[in-house]
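Here is what each chain is made of, one letter per residue.
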There are 4 protein chains.
Amino acid sequence: MVHVGIVGATGYGGSELFRLLHNHPHVGDVSLYSSSQAGEPYSSFMPQVSGWFQEELRPIEEAQMKKDLDVLFLATPAGVSKDLTPSFLNSGVKVIDLSGDLRLKKTEDYEKWYKKESASEELLTEAVYGLVETNRKNIEASEIVANPGCYPTAVLLGTAPLAHREGWNGDSLIIDAKSGISGAGKTPSDKTIYANTEENFRIYKVNEHQHIPEIEQQLEWWGGETSPITFSPHLVPMTRGIMATMYVQGDENVSAQEWLKIYRDFYENSPFVRIREEFPSTKDVYASNFCDIHLTVDERTGRLTIVSVIDNLLKGASGQAVQNMNLMLGFEETEGLKLLPLYP
Amino acid sequence: MVHVGIVGATGYGGSELFRLLHNHPHVGDVSLYSSSQAGEPYSSFMPQVSGWFQEELRPIEEAQMKKDLDVLFLATPAGVSKDLTPSFLNSGVKVIDLSGDLRLKKTEDYEKWYKKESASEELLTEAVYGLVETNRKNIEASEIVANPGCYPTAVLLGTAPLAHREGWNGDSLIIDAKSGISGAGKTPSDKTIYANTEENFRIYKVNEHQHIPEIEQQLEWWGGETSPITFSPHLVPMTRGIMATMYVQGDENVSAQEWLKIYRDFYENSPFVRIREEFPSTKDVYASNFCDIHLTVDERTGRLTIVSVIDNLLKGASGQAVQNMNLMLGFEETEGLKLLPLYP
Amino acid sequence: MVHVGIVGATGYGGSELFRLLHNHPHVGDVSLYSSSQAGEPYSSFMPQVSGWFQEELRPIEEAQMKKDLDVLFLATPAGVSKDLTPSFLNSGVKVIDLSGDLRLKKTEDYEKWYKKESASEELLTEAVYGLVETNRKNIEASEIVANPGCYPTAVLLGTAPLAHREGWNGDSLIIDAKSGISGAGKTPSDKTIYANTEENFRIYKVNEHQHIPEIEQQLEWWGGETSPITFSPHLVPMTRGIMATMYVQGDENVSAQEWLKIYRDFYENSPFVRIREEFPSTKDVYASNFCDIHLTVDERTGRLTIVSVIDNLLKGASGQAVQNMNLMLGFEETEGLKLLPLYP
Amino acid sequence: MVHVGIVGATGYGGSELFRLLHNHPHVGDVSLYSSSQAGEPYSSFMPQVSGWFQEELRPIEEAQMKKDLDVLFLATPAGVSKDLTPSFLNSGVKVIDLSGDLRLKKTEDYEKWYKKESASEELLTEAVYGLVETNRKNIEASEIVANPGCYPTAVLLGTAPLAHREGWNGDSLIIDAKSGISGAGKTPSDKTIYANTEENFRIYKVNEHQHIPEIEQQLEWWGGETSPITFSPHLVPMTRGIMATMYVQGDENVSAQEWLKIYRDFYENSPFVRIREEFPSTKDVYASNFCDIHLTVDERTGRLTIVSVIDNLLKGASGQAVQNMNLMLGFEETEGLKLLPLYP
């Protein structure tokens, strides 16, 4: 049994992580850390755990954490991990960072899109990009994993088989992405209140979202040089779920059925990616670690329409983080993640 | 004061039409007709009107209707109008058809996309396409108006200024459209029940929606030959509202600010189209007849992203129908439609 | 045409008031006032009015307001009206206060339940309680109206015919009330964010809500001495609407049908109160000024179950305020309030 | 490892049961049965299980089922279990019936409230009422369990400590209950469609709900003679969750704190019942098997207000059914039910 820690367990990603780890068959203790709320019982923030988890949030004391922990998860805002992670380098504690701090390998990309100081190049080199289905070997060998963003997970799993093809040309990729409001975090604001969310469909950060360089970086790694993408995120009046609807010029020699076969082969050994026979809805993966994908070719335009859905808080955050932990520690990839989607 | 009739007032479009006409300053009586429910009080289907509207649904008796009515609205399923409208030709009763029956001018288009027998060519020739902002002269002179579909209204108002430009080339138009569930009508089904709609974001009829030929027909009228569009409708967990997010290759000599000026000029005399300074949300037009539009140019890709929002039941159906009536009868275009959007 | 002003037009009650007054047939100008946001265009807070209302928020300058206005509406937080209203006494400007400041006639009640300093006794004496259906004469003659709270409106209209009966005994009244989240106001908080509201049903301020003394005061006026009520407010995952489910020991000689007749007679001349033949839902009155009521007698227990529904922002706030204005100025009671409930 | 079967796995209760049993540590095979849909893959009804559960629905062949199964769950409409259960009597297959067929011990009660023919008295005698926390011994020894209804579970757990007290007098119990729409089942109807549910709060079956005799029967078993209850169920615009707000005249010698202590003692060995320190919301138990309870005493009226919340599909149906199975088979009561509530 391993002992794991979470910094940031009162946020949406962090509390979901706690929920998963609390029931993980190979996890013993789960310790929660907070700089500002240390000493308060976790249940005072999360009535959901009342009676079943009595512990307090602990202060962030690195020496003690290194003694206690096997794995440390950081579910923290941008800027925290770059300062906290270095002290765990070579400490024997594996770090899985759910923030965006360690994802972009070029410091200038981070500084441009996040408008903050980047982590050091050394740290960025050390951190492995944790898109599990396309990077298992590196993750297994890593000490630090940069857990992918929610939109990039949906987009990249939806395009990976395409992007790995000889002659792929990413220059016409248009991504129309839709997310539940939990993606905006738990801080109350005009954006997140009920009356502005319910019966409202919104678009935001058109071509300005910080997940754009993360997607482009991975496409470039796969496919050589790639042109910029078009990316429009939208907010759906719901709590969880992402759908990425993607448009790309197809290859006139490949039919929809052939594409589906290419996708099935690509994900043959990936239990959480399901190539579906019809377009999936977000509720098909609600509260689970699945990514469901389907596509079609429009004979009139030759365009591919690819749809990829995930639960942004699971496969798009905490679920994939647990999947990464499983690989890093040599556990079965699906451990602690077997629950089927919740319905209705 | 005019006397108006509605066939299909128990559906969503029809009841909304009743709500508007009931308060229209130039409308006296509103009579409601039904083939299957004649004799029952309207309030037994619509508790909303209890106490304020006591009348029963009347049978569809054409001779009587011709005697009584100045205007007849058809808020009926596909296939009804093509049979009912001919008897009102040259009767002095103006007909406004909210169904799709009279929109497509080529009978083969209707038969292909609606999978039903088309109206006669004579009727199709007579019926004027009621996209008010771009067709006022013809509507004013018409006896029969084919009221546009909800998606086509959002899409065509969002692209009209572009499509009217010299050298417009429609071949790269991609439309990612999102609609509230009321667009699916009021018949209970697996698609429309709450548990399958709430916390669920769905895509449907990809490149197969019957509004595709309606959009393409109008683009062709405006711009000469046009290539097929890509059209993906989605269902949002909300009751009302449509957002169309549209992607099109821009013109490198025209900036976003210049495009906005072109749009503002185009709609200068259209009180219900508002060219906004930021991207609109569907709730900005909720329960109103507005169409709000904004666009941006991505400098990295040169693409235009255009967003157009409407209330599908108002500007996308009953509101536009009243606007058409106003023009046909020589009333002020905004009569009966002045209420601002409901918020929150 | 009268000139009206609103202080607090960026809140939910105030913006709804603006929406109604903007279309009121006897209202000319509507001026909006703000202490903190003066100088900013109203449309920057309310995209809904874009293009149709270009004016800025004005500073609160009492001398100028007295010159300009016929009626002033205060849609302000507790504590503002008690300071602002006195300067309009005897100024010729009629004041309608939507806050709780002038409702409770005993200063100690206000101080106990609102935990703030009360308005002066003089002002409290001057202010007429604006529950229209039971107080028309006094309202018509008044210069200052205290517009009732949302819960009291639903509860008092639902119990008035009962409380006016000889021998009424209020001591067993239990009120289980449910409100949409707009009742909590527009300030972002843990309580009002989407993720804590959607798929969540909450109870709050059990027997501690500041509307309790307002209800009890009116019951006392009607019925002589009355025992304390039990009042449990709940928050429903929706934006608008209140349902009050009320339990009271019945009179064994009066059947449900007889009660309904008593209610119908009581509200014979009240166009906005509808005694329904089945239990109403909140959506039956959505976005309208109606109060729908039904009741039943349980033969097994002899108890009456009375249900009353309103739109909390209309009959429970701005709609009733306009109704009060209509009476104070001698207009038809329904002017500006004729729109039927929005559906779906 | 045991082999379990479910009849009715395409309904809401049945599919939730499948989800739980699929991950239960002591359950091997789960076989699904259907009379009308046998032969079709389960995943064609439940896209959620795609790829992870490939089996078809099996026909209801009792001989084969008796050979294969250790436990059979019936998640069927009223009227099915009374016909199906008898053939499993003394077969060695334990039956857990989630329908209402075996709950009411007096056949005339069933016939009055369900308006159908009752099960035989023999069967009714055999079936043990499965309200786990108050009936463990009998459940452990039983072959057939009648799994309690959703409302009765919330109400009875919320009143059990009270009803077990010497001198309890149930005659003033008023239950104002609120349920998510999944309680109405998955059949599409005017009641369950989105547009009639969202932004709508409804009351139904006032004093006529078939759960009334189930509650009264248990109260009678606990407390001797009991007067009829008042019961008003409401529909909340959400999918899951029940809150029962209950009003009862208190005992003037017992304070709220003392009541809470009495409740805590009563449920000391019940891990799924949590006596909270503040009023719970339905989301505190969402997607879990918990029942959270809090109460207060109003000093002004002496009344107790008790609030009890559950997830209607878990503690109110499938979760409690698994809990019953655990007891019947000698497993740990919490096996397969340890996942904490989902948030947000």
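Our structure is the block above this text.
Residues numbered from 1 in each chain as written. Chains lettered and ligands numbered in written order. Predicted model: local features only at pLDDT ≥ 70, side-chain atom pairs only at ≥ 80, totals over all residues. Heavy atoms only, no water.

Considering the overall build of chain A
Our working definition: Under the DSSP-based scheme used, a helix requires at least four consecutive residues in state H or I and a strand at least two consecutive residues in state E, with every element numbered from the N terminus. All radius of gyration figures rest on C-alpha atoms, and the globule criterion is 2.2 Å times the number of residues raised to 0.38. With a 1.4 Å probe rolled over the protein chains alone, any residue whose accessible area is under 20% of its type maximum counts as buried; one over 50% counts as exposed, and the rest are partly exposed. Every residue pair with non-hydrogen atoms within 4.5 Å of one another is taken to be in contact. Using a 1.4 Å probe, accessible areas were evaluated by the Shrake-Rupley method; residue-level cover was limited to the displayed protein chains.
For chain A, the count of helices and strands is 11 helices and 13 strands. The C-alpha radius of gyration of chain A comes to 20 Å, within 12% of the 20 Å expected for a compact globule of 344 residues. Projected onto its principal axes, the C-alpha positions of chain A cover 65 × 45 × 40 Å. Expressed as a percentage of its 344 residues, the buried residues of chain A come to 65%. For chain A, restricting intrachain contacts to residue pairs at least 6 apart in sequence, the fraction spanning at least 24 positions comes to 69%. Surface accessibility of chain A: about 11500 Å² in total, with carbon and sulfur atoms responsible for 44%.

What about the pattern of salt bridges?
Should their charged atoms come close, side chains of opposite charge can pair. As a reminder of what qualifies: Here a salt bridge means any side-chain nitrogen of Lys or Arg lying within 4 Å of a carboxyl oxygen belonging to Asp or Glu.
In total, this model carries 76 salt bridges over all chains according to the counting rule given. Here C:Lys261 ties to C:Asp265 by a salt bridge, and the two come within 2.6 Å at their closest N and O atoms. Of this pair, C:Lys261 and C:Asp265 both sit in helix H10 (residues 256–266), four residues apart, which is roughly one turn of the helix. Where D:Asp292 meets D:Arg274, a salt bridge forms, and the shortest distance between an N and an O atom there is 2.8 Å. With D:Asp292 in strand S12 (residues 291–297) and D:Arg274 in strand S11 (residues 273–275), this residue pair connects regions lying 18 residues apart in the sequence. Both residues of the pair, D:Asp292 and D:Arg274, count as buried. Here the salt bridges share partners, and the residues they tie into one network are A:Arg274, A:Arg276, A:Glu278, A:Asp284 and A:Asp292.

Topic: the sheet that holds strand S4 (residues 94–97) of chain C
All names here are of chain C. Formally: Note: two strands are recorded as paired if DSSP finds a minimum of 2 bridges between them.
Taken together, six strands build an open sheet; the order of strands is S2-S1-S3-S4-S6-S5 and the sheet is parallel. In the strand order of this sheet, the two ends are held by strand S2 (27–33) and strand S5 (128–129), each with one partner. Both strand S1 (residues 2–7) and S2 contribute to a ladder of five bridges, which runs parallel. Bridging from a neighbouring strand, Val-7 pairs with Tyr-33 of S2.

Brief notes about the relation of the copies chain C and chain D
For the record, the criterion: What sets the superposition is a least-squares fit of C-alpha atoms, and only residues with pLDDT of at least 70 in both copies go into it.
Superposition record for chain C on chain D: RMSD 0.0 Å, screw rotation 180°, translation along axis 0.0 Å. As the rotation angle and translation indicate, the two copies are arranged about a two-fold axis. Interface overlap between copies is the fraction of interface residues in one copy that are interface residues in the other; for chain C against chain D it reaches 100%, indicating a shared surface.

What about the relation of the copies chain D and chain B?
Superposition record for chain D on chain B: RMSD 0.0 Å, screw rotation 180°, translation along axis 0.0 Å. Most of the interface of chain D is mirrored in chain B: 100% of its interface residues are interface residues there too.

Quick notes on helix H4 (residues 107–114) of chain D
Residues and elements named next belong to chain D. Worth spelling out the cut-off: Comment: arc refers to directions from the helix axis out to C-beta atoms.
The complete set of buried residues in H4 reads Thr-107, Asp-109, Tyr-110, Trp-113 and Tyr-114. The buried residues of H4 occupy an angular sector of 160° when projected down its axis, which confines them to one face. Two residues or fewer past H4, Lys-115 is found with a positive phi of approximately 55°.

Observations regarding the interface of chain C and chain D
Filter applied, for reference: Each of two parts loses accessible area, computed with a 1.4 Å probe, when they are put together; buried area is these two losses added.
Contacts between chain C and chain D engage 48 residues on the former and 48 residues on the latter. Looking at the side of chain C facing chain D, the largest losses of area belong to C:Glu199, C:Phe201 and C:Arg300, adding up to 20% of the total buried there. Taken together, chain C and chain D are joined by four salt bridges. Note that D:Asp176 is salt-bridged to C:Lys178, the shortest N-O span being 3.0 Å. Of all elements in the fold, only strand S7 (174–180), helix H8 (194–197), strand S8 (202–203), helix H9 (211–223), strand S9 (230–236), strand S10 (242–249) and strand S13 (303–310) of chain C reach the threshold of two or more residues within the side of chain C that touches chain D.

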